[in-house]
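What the coordinates show
The chain contents come next:
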Amino acid sequence: GAALAAFLPPRCAAALTDIVYRVARAGIAERAELPDMAGRGRLELTVEPTAGGVVIIGHPFGSSEARAEALNAALGALPGHAVATIGPRGLLAEADPSLARLIGHSPPIGQPAAELFAPTSRPAAATALDQVFESGIAHTFTADLTTADDQSMPVSIGLSPIRRGLIIDAVQAVIAPRV
């Protein structure tokens, strides 16, 4: 347990140590859910007694990917809200069905994301995307989307980088009507 405890915050390491000793003494398995060292997720641990001590089996509890998918689905389910993923060249990489509901048509994957916006809003959209890709910091802006019937819809957009290690793979966009 000492090697695994090194990857946990100090208060959790102490809890794991207590569990390991308790399982070794009593011979009864225990489960625990502890935050990981990065503070971004949780570890589900099972401590099982063995003839020579204990074995610890751990795995991420509600992985980051699963949480992100659930969050996207929840945001997309809100009336008038939409989610989309934009690739590093500013191209629409993924569009949730909520975006089609919001603008009245399914935008083609691979089109420049800025083309979703009214012509007067495209420079602001492109600049905001560039800022997130360059800085790695979430950003918000307001703009007008173009709907299927060529109407302008005022919206607020939240952008956040999607990372793979230190590399920004894409940007997640959440679009909400402006009131």
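Please read these numbers as outputs of a predicted model, since none were measured by experiment.

**Observations concerning the overall build of the protein**
When you go through the protein residue by residue, the secondary structure sums to 5 helices and 8 strands. When the helices and strands of the protein are read in sequence order from the N terminus, they spell out α-α-β-β-β-α-β-β-α-α-β-β-β. Within the span of the protein, comprising 179 residues, buried residues form 36% of the whole. Taking all contacts inside the protein whose residues are at least 6 apart in sequence as the whole, residues at least 24 apart take part in 37%. On the protein, roughly 10,300 Å² of surface is accessible, and the fraction owed to carbon and sulfur atoms is 59%.

**Comments concerning the environment of I109**
Along the chain, I109 falls in the loop between α4 (97–103) and α5 (122–135). The exposure class assigned to I109 is exposed, which follows from its relative accessible area of 52%. As for I109 and A93, which are separated by 16 residues in sequence, their C-alpha atoms are 5.7 Å apart. Contact partners of I109, with chain neighbours within four places excluded, come to L92, A93, E94 and A95.

**Some words on unusual backbone geometry**
Phi is positive for D150, which is not a glycine, with a value near 60°. On the accessibility criterion, D150 (65% relative accessible area) is exposed.

**Thoughts on the confidence of the model for the protein**
Looking at the protein, pLDDT values average 83 and 85% of them are 70 or higher. Highest mean pLDDT in the protein belongs to strand β6 (residues 139–146) (94); lowest belongs to helix α1 (residues 2–5) (62).

**What about α5?**
Look at α5: 20 Å from first C-alpha to last across 14 residues, which is about the 20 Å you get at 1.5 Å a residue. Of all the residues in α5, the buried ones are A125, A128, L129, V132 and F133. Taken down its axis, α5 places every buried residue within 130° of arc, on the same side. Among the exposed residues of α5, those oriented more than 90 degrees off its buried face are P123 and E134. Residues of α5 that are buried make contact with β4 (82–86), β6, β7 (152–164) and β8 (167–177). Once α5 ends, the next one or two residues include G136, with phi positive near 75°.

**Describing the pattern of salt bridges**
Counted under the stated rule, the structure contains 2 salt bridges. The partner of E30 in a salt bridge is R22, with the nearest N and O atoms 2.6 Å apart. Here R178 ties to D144 by a salt bridge, and the two come within 3.1 Å at their closest N and O atoms. Here the residue R178 occupies a position in the segment after β8, and D144 occupies one in strand β6, the gap between them amounting to 34 residues. Note on R178: relative accessible area 35%, which makes it partly exposed. For D144, a relative accessible area of 21% gives the class partly exposed.

**Notes on the nonpolar core**
Of all hydrophobic cores here, the largest spans 26 residues; its most connected members are F117, F141, L145, I157, L159 and I175. For this core, the element with the highest residue contribution is α5, accounting for 5 residues. For L159, the residues in contact, after removing those within four places along its chain, are A128, L129, V132, A138, H139, F141, V171, Q172 and A173. Residues C12, V23, A32 and L45 belong to the second largest nonpolar core, which totals 10 residues.

Cut-offs used in this document
Residues numbered from 1 in each chain as written. Predicted model: local features only at pLDDT ≥ 70, side-chain atom pairs only at ≥ 80, totals over all residues. Heavy atoms only, no water. Helix = DSSP H or I, 4+ residues; strand = E, 2+ residues; numbered from the N terminus. Buried < 20%, exposed > 50% of the residue type's maximum accessible area, 1.4 Å probe, protein only. Contact = heavy atoms within 4.5 Å. Areas by Shrake-Rupley, 256 points an atom, 1.4 Å probe, with all protein chains shown as cover. pLDDT = per-residue confidence, 0-100. Expected span 1.5 Å × (residues − 1). Arc of directions from axis to C-beta. Salt bridge = Lys/Arg side-chain N within 4 Å of Asp/Glu carboxyl O. Core = buried A, V, L, I, M, F, W, Y, C linked by side-chain atoms within 4.5 Å.

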